Amino acid sequence: MGPDMIFCFEKKHLRRLKENYSEEISGKTVITMNIPDEYEYMDEELQDILWSYAEEYISDGTL
């Protein structure tokens, strides 16, 4: 199994993770995607963006 990875939409989400869960995320790769958190739940456009972003990590064997 590959390394633990956490994907955040925005820098403010990363900041909150560090403030509230610094011990839990220690040693994990945290990636900020710089996607505005303004989409509705299950928005198709957002799903396409997320899949295209994750593809980069899947195709290189990271995930």
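Note that the structure is a prediction, hence the values are computed from the model and not measured. Here, residues in each chain are numbered from 1, in the same order as that chain's written sequence. For a predicted model such as this one, the threshold for reporting local features is a pLDDT of at least 70, and the threshold for listing and counting side-chain atom pairs is 80 or more; totals across whole chains, interfaces and linings nevertheless cover every residue. To obtain the side-chain values, all non-hydrogen atoms of the structure were included, while hydrogens and water were left out.

Novice: Please explain the environment of Ile-49 as it appears in this structure.
Specialist: Strands are runs of DSSP state E lasting at least 2 residues, helices are runs of H or I lasting at least 4, and numbering of each runs from the N terminus. With respect to the helices and strands, the residue Ile-49 is situated in helix α2 (residues 44-59). The spatial distance from the C-alpha of Ile-49 to the C-alpha of Ile-35 is 8.6 Å, given a sequence separation of 14 residues. Not counting the four nearest positions on each side in its chain, Ile-49 is found in contact with Ile-35 and Tyr-39. Contacts: residue pairs with any heavy atoms within 4.5 Å of one another.

Novice: How do you make sense of the side chain of His-13 when you look at a structure like this?
Specialist: Among the secondary structure elements, His-13 is positioned in helix α1 (residues 11-25). Residue burial is assigned from relative accessible area. The probe radius is 1.4 Å, only protein chains are included, and a residue is buried under 20% of its type maximum, exposed over 50%, and partly exposed in between. Judged by its relative accessible area of 18%, His-13 falls in the buried class. Ignoring anything within four residues of it in the chain, the contact list for His-13 reads Cys-8 and Asp-37.

Novice: I would appreciate a short explanation of the pattern of salt bridges in the present structure.
Specialist: Pairs can form between side chains of opposite charge once their charged atoms are near each other. Note on definitions: salt bridges are taken to be side-chain nitrogens of Lys or Arg within 4 Å of carboxyl oxygens of Asp or Glu. The tally for this structure, following the rule as stated, stands at two salt bridges. Across the pair Asp-4 and Lys-28 runs a salt bridge whose closest N-O atoms are separated by 3.7 Å. One end of the pair, Asp-4, is in the segment before β1 (5-8); the other, Lys-28, is in the loop between α1 and β2 (29-32), with 24 residues separating them in the sequence. We classify Lys-28 as partly exposed; its relative accessible area is 31%. Of the charged contacts in the structure, one is a salt bridge between Glu-10 and Lys-12, with a shortest N-O distance of 3.5 Å. With a relative accessible area of 19%, Glu-10 lands in the buried category. Using a relative accessible area of 34% as the deciding quantity, one classes Lys-12 as partly exposed.

Novice: It is not clear to me how the environment of Thr-29 should be interpreted in this structure. Could you clarify?
Specialist: Tracing the backbone shows Thr-29 in strand β2. Put simply, Thr-29 and Met-5 are 24 residues apart on the chain and 4.7 Å apart in space, counted from C-alpha to C-alpha.

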